[in-house]
Amino acid sequence: MNSNPMYMEYVDDADPQPAPRRGWRILGWVCIGLSAVMVAGSLTAYGLYRKAFGNISHEDVNAQLGPNRPKKLNSAMNILLLGSDTRAGANGKYGRSLKNEAPRSDTMILLHLSPGGGQAMGISFPRDLMIPMPSCKSRKGGTIPAQSRAQINSAFTNGGAACVIKTIESISNIRVDHFMQVDFTGFKTITKAIGGVPVCLPKSVNDPKSGLRLSKGKHKISGETALAYVRVRHGLGDGSDTDRIKRQQKFMGALAGQAMSAGVLSNPKKLYALMNAVTKSLTTDKELTPQVMMDIAQEMSGMTTGKLRFVTVPSGPDPADINRVALSQAAQPFFAAVRNDKTVPKEPKAGASKIPPSQVRVRVYNGSGVDGQAGRVADDLESQGFQVAVGGNAPATAATKVLYGSGADQQAQTLAALIPSGPQPTARGKGATPGVVDLVVGRNWTNLKSAGAGIPKQQGEIRASDNICDT
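Scoring rules and cut-offs
- Residues numbered from 1 in each chain as written.
- Predicted model: local features only at pLDDT ≥ 70, side-chain atom pairs only at ≥ 80, totals over all residues.
- Heavy atoms only, no water.
- UniProt positions renumbered as here; feature names shortened; annotations may be inferred.
- Salt bridge = Lys/Arg side-chain N within 4 Å of Asp/Glu carboxyl O.
- Helix = DSSP H or I, 4+ residues; strand = E, 2+ residues; numbered from the N terminus.
- Buried < 20%, exposed > 50% of the residue type's maximum accessible area, 1.4 Å probe, protein only.
- Phe/Tyr/Trp six-rings, centres within 6.5 Å; stacked < 30°, edge-to-face > 60°.
- Contact = heavy atoms within 4.5 Å.
- Polar contact = N/O pair within 3.5 Å; in protein donor to acceptor, adjacent residues only side chain to side chain.
- Axes fitted to C-alpha atoms, helices over the stretch in contact; angles between N-to-C directions.
- Nonpolar A, V, L, I, M, F, W, Y, C, P; charged D, E, K, R; others polar.
- Pairing = 2+ DSSP bridges.
- 1 Å grid on protein atoms, 1.4 Å probe; cavity = no way out; pocket = protein on both sides within 12 Å on 5 of 7 lines; lining within 4 Å.
- Points joined across faces, edges and corners; volume = space filled by probe spheres on them.

Looking up the chain in an unreviewed UniProt entry gives the name LCP family protein, with the organism given as Actinomadura monticuli. Here the chain is described in UniProt, under the heading Sequence similarities (unreviewed entry), as follows: "Belongs to the LytR/CpsA/Psr (LCP) family."

So this is what it looks like as structure tokens:
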């Protein structure tokens, strides 16, 4: 194991002995699952869930952070989600030799909730991201000096949640409002409580290290099998940390979708079982009270899987160490977009379509004569929440057109309202598909108005509504 404390190596990377620590990482994404459940459901029956809220542990981080923090620019909510591999209590079964070591974290996700409840985005920070580390208070009360170069996950080991918050704020200038921290004891219970999570394997896997044994294709997994799926490293993909993050983002999207669609939210017994499982493994800041959680749930009550996005912070290979990653040039513009996410979805005007973009299927054709225009427009539409496919080239046209198949006239109104040139939706005859809106991009195309997304689509972005078998 590397003796340099700057490189926080992990048992799953360094030791062949069975001391599994990989499975816990997905619990950071379970925080998003909890948030998705809370924001998607109306938790008005507070008395029923009071016991579950009572399971939550709290930590005072504001006293450690002090007043020198980024300003809050809008009504967006930023919640830092952390996974802890503590071996205390029931967690001891996942590596007893590590029982006396300081907890570590290689799941750091900033959950950004857009103003007005329009979108939610989980921003993942890779565990081996090299960044300047600010001075922090240590777990024992001392002071950890600032470092010009350190691995981001060392912040949690050295200074706990407060140090991670300070670190994220220092590199992004984004104000972190709250934090949630979980361990891995509740993971199997969570996957069982929602009736299993759908996954899709590109090939059959028989991996003795993780214990995952599944055939190629679709499965619904829970319990030990789900734990093995999120642990597996070399049996699927290229074995990299980035590849595993992508798989776990898709898993979390599927988990959120299952919670939203499988009757969990509408069934008090199922919802209580899920919340009880999550909250037993949850620590938050003192300010994230049950009432604040309820307020978030009310504001985000219109959440759908199409509005739940997952990205990895813009990064690439570290020039100083090919085994590490560093923030790319796209990182600061991305952070600025998150900081300045002020767009609030507007109430539709009288007589306007009330169908949200997430329920509109759009097929994009390129009639502009500009190579690749249909793909670019499709990406913009997808970032606004539309269900999009690229239809190919169309005869050249100066004006952009919105055409619709049978039953899609209101959906066409939703799309047309976001196009500055104001095309009048027209029924399509030959070639129309029922329920589908066709957008023919003309030479007058400029851009889309915002539907409340606020943050442009990111490279490699995953949505909870994505097909689980898409790669």
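Draft legend 1. Quick peek at the pattern of salt bridges. Enumeration according to the criterion identifies seven salt bridges in this entry. Put simply, Lys72 and Asp177 hold a salt bridge, and the shortest N to O gap is 3.0 Å. Remark: Asp177 occurs in the loop between helix H5 (154-172) and strand S9 (178-182) and Lys72 occurs in the loop between helix H4 (62-65) and strand S2 (77-83); sequence separation between them is 105 residues. By relative accessible area, which is 41% here, Lys72 ends up partly exposed. Two residues, Arg428 and Asp438, come together in a salt bridge whose shortest N-O distance is 2.6 Å. One end of the pair, Arg428, is in the loop between strand S21 (426-427) and strand S22 (436-441); the other, Asp438, is in strand S22, with 10 residues separating them in the sequence. Its relative accessible area of 27% is what places Arg428 among the partly exposed residues.

Draft legend 2. Broad picture of the packing of aromatic side chains. Within the structure shown, the criterion is met by three aromatic pairs. Arranged with centres 6.5 Å apart and planes meeting at 15°, the rings of Phe125 and Phe335 form a pair that is stacked. In this pair, Phe125 is assigned in strand S4 (residues 120-125) and Phe335 in helix H11 (residues 331-339), connecting sequence segments 210 residues apart. When the centroid spacing of 6.0 Å and the interplanar angle of 45° are considered together, the rings of Phe334 and Phe335 count as tilted. Phe334 sits in the buried class, given a relative accessible area of 3%.

Draft legend 3. View of unusual backbone geometry. A positive phi is found at Asn173, a non-glycine position, where the angle reads about 60°. Mapped onto the fold, Asn173 is located in the loop between H5 and S9.

Draft legend 4. Representation of the environment of Ser172 in the model. As for its placement among the helices and strands, Ser172 is situated in helix H5. On the accessibility criterion, Ser172 (1% relative accessible area) is buried. Taking the C-alpha atoms as reference, Ser172 lies 9.3 Å from Val338; in sequence the two are 166 residues apart. Excluding anything up to four places from it in sequence, Ser172 contacts Phe335 and Arg339. In this structure the side chain of Ser172 is engaged in a polar contact, spanning 2.7 Å, whose partner is the backbone oxygen of Ile168.

Draft legend 5. Geometry of the packing of helix H7 (residues 223-231) against helix H8 (residues 241-261). Interaxial distance between H7 and H8 falls to 9 Å at its minimum, and their mutual angle equals 145°. Contacts between H7 and H8 pair Ala226, Tyr229, Val230 and Arg231 from the former with Arg244, Arg247, Gln248 and Phe251 from the latter. Classifying every residue of the contact of H7 with H8 gives four nonpolar, one polar and three charged.

Draft legend 6. A look at the sheet that holds S9. Taken together, the eight strands give an open sheet; going across it, the order is S1-S14-S9-S2-S3-S4-S15-S23, and neighbouring strands pair in mixed fashion. The open sheet has two edge strands, strand S1 (57-59) and strand S23 (462-463), and neither has a second partner. With respect to the sheet, H8 is in contact with S4, strand S15 (308-312) and S23, its orientation differing from that of S15 by roughly 170°. Lying over the sheet, H11 contacts S2, strand S3 (108-113), S4 and S15, oriented at roughly 145° with respect to S4.

Draft legend 7. The arrangement of empty space enclosed by the protein in detail. Counting across every chain of the model gives nine cavities of 30 Å³ or more. Taken together, Lys71, Lys72, Leu73, Asn74, Ala76, Asn78, His112, Asn173, Ile174, Arg175, Val338 and Arg339 make up the full set of residues lining the largest cavity. Along the lines of polarity and charge, the residues of the lining of the largest cavity split into four nonpolar, four polar and four charged.

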